Amino acid sequence: MKRMLIKPDAIELNDLQLLIKNSSHQTLAMWALDCAKELLTLFELEYQADDRPRIAIEKGYLWASGHIKMPEAKKAILAAHQSATEHQNNLVACAIARAIGQGVSTIHVRTHAIGIVIYGITALIRQNPSINQNEIINAKAEWFYKKLLYWQNHVSDVSTWAPFLLKEED
C-alpha cells in the first residue's frame, strides 16, 4: 500500500510544510522519531510480534546520536518498509509502518519529513472511516505542527549527535 490519502501539497499542510522548511535537520530528526514512537503504538495493537518498525525507531535514535552508522539504520528502515508490504492487507498497519520508515529516514534526508505526516494521516483516515476526512487531516496536521514546535524549543536538550547532523545546513 503506497497510496496516500493526502498529498504533500494539500492546503491543510501549508503551515506544517513551512515549519518543516524552517526547522533544523536536528529538530526534524527528533520530531520524526518522537512522532514515529507515538504511531508505533497503533501498529503494535495489531502486530505486537512484528518488531521491525520498533527496531527502526531504536536504530534511528542510535543513528542520530552517532552510535551506529547509516548502513545499520538503513537495514532497519528497509525492514520497516518490508513490514508494511507484508501487512498490506491491513491498510492502517501498512501505512503506519511506512510512516515509521519515512520518519526514521528523515535523519538521512530532511525531505523525508513529510512522509511521516502523509502516511500517518493516511493511517488515521483509514482507521476512522466514519469520521470526516478533513477533520482528521486538520487535527493530525495540528498535532504534527505542535510536536514540531515542541522540538524546535527542546532540540538543545539532546546532548549527543552524529557528526553529520552537526554540520551547517545549506
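Since the structure is predicted, the reported quantities are computational estimates derived from the model, not experimental observations.

J.: How should the pattern of salt bridges be read in this particular structure?
T.: Here the idea is simple: oppositely charged side chains can pair when their charged atoms come close. Counted by the stated rule, this structure contains seven salt bridges. Linking Lys-147 and Asp-34 is a salt bridge whose minimum nitrogen-to-oxygen distance equals 3.2 Å. On the criterion of sequence distance, the pair formed by Lys-147 in helix α7 (residues 133-154) and Asp-34 in helix α2 (residues 25-46) is long-range, its members being 113 residues apart. Per residue, the accessibility class of Lys-147 equals that of Asp-34, and both read buried. With its nearest N and O atoms 2.6 Å apart, the salt bridge here joins Glu-44 to Arg-54. Within this pair, whereas Glu-44 is found in helix α2, its partner Arg-54 is found in helix α3 (residues 52-64), the two being separated by 10 residues in sequence. You can call Glu-44 buried: its relative accessible area is 17%.

J.: What should I look at first to understand the side chain of Asp-50 in this one?
T.: Within the fold, Asp-50 resides in the loop between α2 and α3. When residues no more than four places from it in sequence are discounted, the contact partners of Asp-50 are Phe-43, Ser-83 and His-87.

J.: How do you make sense of helix α4 (residues 70-86) when you look at a structure like this?
T.: Each full turn of the α-helix corresponds to 3.6 residues, which orients residues three or four apart in the same direction. A rise of 1.5 Å per residue sets the reference length of α4, with its 17 residues, at 24 Å; its end C-alpha atoms lie 24 Å apart and thus fit the reference within 8%. For α4, the complete set of buried residues consists of Ala-73, Ala-76, Ile-77, Ala-80, His-81, Ser-83 and Ala-84. The arc enclosing the buried residues of α4, seen along the axis, measures out at 150 degrees, which places them on a common side. Turned more than 90 degrees from where α4 packs its buried face, Pro-71, Lys-75 and Leu-78 sit exposed. Buried residues in α4 make contact with α2, α3 and α5 (91-105).

J.: Could you clarify how one ought to interpret the nonpolar core in this entry?
T.: Nonpolar side chains in soluble globular proteins tend to be buried together. The biggest cluster of nonpolar side chains holds 56 residues, and the ones touching the most others in it are Leu-13, Trp-31, Ile-116 and Val-117. Sorting the residues of this core by element identifies α1 (14-21), α2, α3, α4, α5, α6 (113-127) and α7 as the ones contributing at least two each. Looking at this core, the element that brings in the most residues is α2, giving 11 residues. Setting aside anything within four residues of it in sequence, one finds Leu-13 in contact with Ile-6, Lys-7, Pro-8, Ile-114, Val-117, Ile-118, Ile-121 and Ala-141.

About the criteria used
- Residues numbered from 1 in each chain as written.
- Predicted model: local features only at pLDDT ≥ 70, side-chain atom pairs only at ≥ 80, totals over all residues.
- Heavy atoms only, no water.
- Salt bridge = Lys/Arg side-chain N within 4 Å of Asp/Glu carboxyl O.
- Helix = DSSP H or I, 4+ residues; strand = E, 2+ residues; numbered from the N terminus.
- Buried < 20%, exposed > 50% of the residue type's maximum accessible area, 1.4 Å probe, protein only.
- Contact = heavy atoms within 4.5 Å.
- Expected span 1.5 Å × (residues − 1).
- Arc of directions from axis to C-beta.
- Core = buried A, V, L, I, M, F, W, Y, C linked by side-chain atoms within 4.5 Å.

Limitation: the analysis is restricted to geometry and does not speak to function.
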